[in-house]
Amino acid sequence: MGADEVLAAAQLIMRARQERRPLAALPAQLQPQDEAAGYEIQHEVHWLLAEHAGDFAGYKIGCTSKVMQDYIRIPHPCAGGVFARGVHESGAVLRAADFVRVGVECEIAVRLAQDLLPLDAPFTIAHVAEAIGDCHAAIEIVDDRYVQWETLGAPTLIADDFFAAGCVLGPAVARGAVPDLAAVQGRAFINDALAGAGAGSDVLGHPLHALAWLANHLAARGDGLEAGQLVLTGSLVKTVWLKPGDRARMELDGLGTVEARFE
């Protein structure tokens, strides 16, 4: 795709987001034909988002567990952006009307204490583990802002940040206080009813594999992760779609609890 097509596709995606209008398939000449083109459009979307979404805060990784790969029907991880105004503290009360169709996922989030830059690639899980400062129990907020996401394909979903709509974070837990992220057991509750359960090991075998994938993915594009950035490593459970008034609570052993309500 040429630069003009990339910008035009990004502008259509942004307009749909701002109007909270479900996105249909992009015009044929603007559809990304592969995932590389999808990430090019996503990069442009991030520039457009920065005007009203706040500073770039980090990344979400989607499709890191079998349950999510089976659900989305994409057999490998995909990345999207997270922005400062979409990051909330536990106990947040959010408006369901601010989303097209809001959903939540149960995640382990990490905040980096060190850079992971392209010159240091390739990254192993040992390398990325050293870069983590804090961990959080997290609710990833996702938005099904599509007419029919099942028909759009991975490149277009990637272009639109792969459902990313923000997150809610529990208290920070020092990395050293969590012996093994793979052993973390997580449970999702909606209105106090259990809606799903999983383990850190469901995320590519270990959440650090997801973080290493992201660092290597970005390095291949000449980009990197910076100290202070947040990474949502992927859902332990299948996405739960909400209705106005629902309360979401995620419990992750060793990381604590995180809650939010969607009015």
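Residues numbered from 1 in each chain as written. Predicted model: local features only at pLDDT ≥ 70, side-chain atom pairs only at ≥ 80, totals over all residues. Heavy atoms only, no water.

Caption draft 1: Fine view of the pairing of strand β13 (residues 246-252). Judged by how many residues are buried, β13 sits mostly within the fold: 5 of 7 residues are covered. Here 5 bridges tie strand β9 (residues 185-190) to β13, and the two strands are oriented antiparallel to one another. Looking at the pairing, I190 lines up with A248 of β13. Sheet topology places β13 next to strand β14 (residues 256-262); 7 bridges connect them, and they run antiparallel. Bridge pairing in β14 places D246 opposite F262. (Buried < 20%, exposed > 50% of the residue type's maximum accessible area, 1.4 Å probe, protein only. Helix = DSSP H or I, 4+ residues; strand = E, 2+ residues; numbered from the N terminus. Pairing = 2+ DSSP bridges.)

Caption draft 2: Just helix α6 (residues 207-220), in detail. For α6, which comprises 14 residues, the first-to-last C-alpha distance of 20 Å matches the rise-based estimate of 20 Å (1.5 Å per residue) to within 8%. Most of α6 is tucked away: 10 of the 14 residues are buried. Along α6, the positions that sit buried rather than exposed are P207, L208, A210, L211, A212, L214, A215, H217, L218 and A219. Within two residues after α6, G222 carries a phi angle of roughly 80°, on the positive side. (Expected span 1.5 Å × (residues − 1).)

Caption draft 3: Examining the pairing of β9 more closely. Where β9 meets strand β10 (residues 193-199), 6 bridges bridge the pair, whose relative direction is antiparallel. Note on β10: the bridge partner recorded for I190 is A193. Once β9 ends, the chain turns through 2 residues before running back antiparallel as β10, passing N191 with a positive phi of about 50°.

Caption draft 4: Representation of the pattern of salt bridges in the model. Under the definition given, this model contains 16 salt bridges. Between R187 and D253 there is a salt bridge, with the nearest N and O atoms lying 2.7 Å from each other. Of the two residues, R187 sits in strand β9 while D253 sits in the loop between β13 and β14, which places them 66 residues apart along the sequence. Taking the relative accessible area as the measure of exposure, R187 reaches 23% and is therefore partly exposed. Judged by relative accessible area, D253 falls into the partly exposed class, the value being 37%. Where R261 meets E263, a salt bridge forms, and the shortest distance between an N and an O atom there is 3.0 Å. (Salt bridge = Lys/Arg side-chain N within 4 Å of Asp/Glu carboxyl O.)

Caption draft 5: Inspection of unusual backbone geometry at higher detail. Residue P122 is bonded to the preceding A121 through a cis peptide linkage, with omega at 5°. Along the chain, P122 falls in the loop between β5 (102-112) and α4 (125-131). Even without glycine at this site, N191 takes up a positive phi of about 50°. Tracing the chain through its elements places N191 in the loop between β9 and β10. Classification of N191 by relative accessible area gives partly exposed; the value is 31%.

Caption draft 6: Region of the structure containing the sheet that holds β13. Pairing in this open sheet of 5 strands is mixed, and the strands run β4-β14-β13-β9-β10 from one edge to the other. Two strands in the sheet have a free side with no partner beyond their single neighbour: β4 (92-94) and β10. The average undirected angle you get between the axes of adjacent strands in this sheet is 20°. (Axes fitted to C-alpha atoms, helices over the stretch in contact; angles between N-to-C directions.)

Caption draft 7: Summary view of the nonpolar core. If you look at the biggest cluster of nonpolar residues, it comprises 83 residues, and the most contacted ones within it are L225 and F262. With 8 residues, the single largest contributor to this core is α6. The residues contacting L225, other than those within four sequence positions of it, are Y59, L112, D115, L116, L117, L211, L214, A215, L218 and V231. Counting residues in hydrophobic clusters, the runner-up holds 8 residues, among them A109, A138, L169 and L230. (Core = buried A, V, L, I, M, F, W, Y, C linked by side-chain atoms within 4.5 Å. Contact = heavy atoms within 4.5 Å.)

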